[in-house]
Amino acid sequence: LVGSWHFSEAITATTTADASGNGNNGTLTNGAVITTTGRFGNGCSFDGTNDYVNFGTGALNLMKNTNIYTIEGWFYSTENSNIYFSSSVNANELYLYDIAGKLRVNRITRNKDSNVSVLYNQWQHIALVFTSATNVDIYSNGQYTDSVTVAAPSNSAGSFYLGAYYDGTLTFNGLLDEPRIYNR
């Protein structure tokens, strides 16, 4: 386990602690707030304007990771074109977002639309399992739903964000709970 966030802090908190013990704590930025309406107790709320959780440069450097890893979490999406998470040095390193009701995975400059439907106004568990440097299996609510091929990772250190694109744009509108990153 590389990172795990329960958002169990007080609703007035400005940071969220990494429960994995690896110190990958995040800063709630521009209005991202802890809420009591998470999937399992508290969660994090995003208003779709400019808020996100910032984990800083290099803290969760997925871009240099060519090994198998998994990113998963519970999402409650309220509208189309949401960025669920991103990791980047500058543009287009790795991100997951909703486009026209389907999930899209991007790494470097290779966008790959999946057949995975986004479930609006309800909780949906999404897991991306990187089975190689370029293959991603996508699970929705515990069921394998698609596989996409993305570009190989770069060797650059990058920042990790929940709820926004790397530059703070294209933000998430909804709730997020129990995001985790595994190095397997």
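Higher on the page you've got the structure.
Residues numbered from 1 in each chain as written. Predicted model: local features only at pLDDT ≥ 70, side-chain atom pairs only at ≥ 80, totals over all residues. Heavy atoms only, no water.

A. Region of interest: the environment of Gly31. Mapped onto the elements, Gly31 comes out in the loop between strand 3 (26-29) and strand 4 (33-38). The partly exposed category is assigned to Gly31, whose relative accessible area is 42%. Counting along the chain gives 16 residues from Gly31 to Asp47, while the straight-line C-alpha distance between them is 7.7 Å. Setting aside its immediate chain neighbours within four residues, Gly31 contacts Ser45 and Asp51. (Helix = DSSP H or I, 4+ residues; strand = E, 2+ residues; numbered from the N terminus. Buried < 20%, exposed > 50% of the residue type's maximum accessible area, 1.4 Å probe, protein only. Contact = heavy atoms within 4.5 Å.)

B. Broad picture of the nonpolar core. Tyr84, Phe85, Leu96, Leu103, Leu128, Ile138 and Leu162 are the most contacted members of the largest nonpolar core, which totals 32 residues. When sequence neighbours within four positions are dropped, the list of residues in contact with Leu128 reads Tyr69, Thr70, Ile71, Phe85, Leu96, Val105, Val136, Asp137 and Ile138. (Core = buried A, V, L, I, M, F, W, Y, C linked by side-chain atoms within 4.5 Å.)

C. Structural context of the side chain of Thr70. Checked against the element boundaries, Thr70 lands in strand 7 (residues 69-77). Residue Thr70 is classed as buried on the basis of its relative accessible area, which comes to 12%. If we ignore the near neighbours within four places in the chain, the residues touching Thr70 are Leu128, Val129, Arg180, Ile181, Tyr182 and Arg184.

D. Summary view of the pattern of salt bridges. Taken as a whole and judged by the stated rule, the model has 2 salt bridges. Linking Glu72 and Arg180 is a salt bridge whose minimum nitrogen-to-oxygen distance equals 3.6 Å. One end of the pair, Glu72, is in strand 7; the other, Arg180, is in strand 16 (residues 173-182), with 108 residues separating them in the sequence. By relative accessible area, Glu72 is classed as buried at 11%. Among the residues examined, Arg180 registers a relative accessible area of 21% and is labelled partly exposed. With its nearest N and O atoms 3.2 Å apart, the salt bridge here joins Arg180 to Glu178. Via salt bridges that share partners, Glu72, Glu178 and Arg180 belong to a single interconnected network. (Salt bridge = Lys/Arg side-chain N within 4 Å of Asp/Glu carboxyl O.)

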